[in-house]
Every structure is written in C-alpha cells, then in structure tokens.
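# Secondary and tertiary structure notes
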Amino acid sequence: MTGESGSGRPMAKPLAALAVLAACAVVAHAPRATAQEWTLSSDLSQRGLYDDNVLLTPNKKNQISTFGSLTTPHVALQRDSPTSLMKLDGRFPYQAYFG
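First things first, this report covers the structure right here in the doc.

Cut-off values and rules
Residues numbered from 1 in each chain as written. Predicted model: local features only at pLDDT ≥ 70, side-chain atom pairs only at ≥ 80, totals over all residues. Heavy atoms only, no water. Pairing = 2+ DSSP bridges. Helix = DSSP H or I, 4+ residues; strand = E, 2+ residues; numbered from the N terminus.

### Comments concerning the pairing of strand β2 (residues 66–80)
- In terms of strand pairing, strand β1 (residues 37–51) meets β2 through 15 bridges, oriented antiparallel. Note on β2: the bridge partner recorded for G48 is S69.
- Sheet topology note: the β2/strand β4 (residues 94–98) ladder contains 5 bridges and is antiparallel. The partner of G68 across the bridge, within β4, is Y97.
- Sheet topology note: the β2/strand β3 (residues 85–91) ladder contains 7 bridges and is antiparallel. Bridging across to β3, L77 finds its partner in L88.
- What sits between β2 and β3 in their antiparallel hairpin is a turn of 4 residues.

Distances and angles like these do not, on their own, reveal function.
The following block contains the structure:
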C-alpha cells in the first residue's frame, strides 16, 4: 500500500518534498529585489527687505515704511528606484515686518 493514494501517509512525504522543490524553483527564478535610495534634504533661506508703503495706502501722508525679513524653510523627501522617482517637497515662507 505504499503507492496507493487511499492510505494518505505513504504519499505525504514525496508530495511534501515535491512541494518544497517547486517552491525553491519559483523563488530561484523570481526577480531579485533592488535597493531603493531615500534622500532627505533641507535648507533655510533668509532675505532682508525694505518696504516704503506696507499698507499700500494711496495717500503719501499715511504711508508706513519699514524693514522686514522673509524666512523660508524647505524640506524634501525623495525616493529613487530603478523604475520610478517620487518626491515630496514643502516650503513655508514666513514674512515679518519690524520697525
């Protein structure tokens, strides 16, 4: 009864070995995983400015002149792979007047 399928036990070991062999063959021919490169970059820009009419009033008598600054932080996250490029980019310009 070793070769009969009715008993169940004698056929289990050859089928399990065949299944393992088939799984190894599939894995061996599967495409290899490739590395992906992640890049996180950031910078900060600062700019000084002068405005002689901040409130944009037409009357020269009520014009306000002042100095200010524009600060802009920038962050970028980028992923490079053999088939695609993904980039998330963010800027937050902040302008302040003083004086």
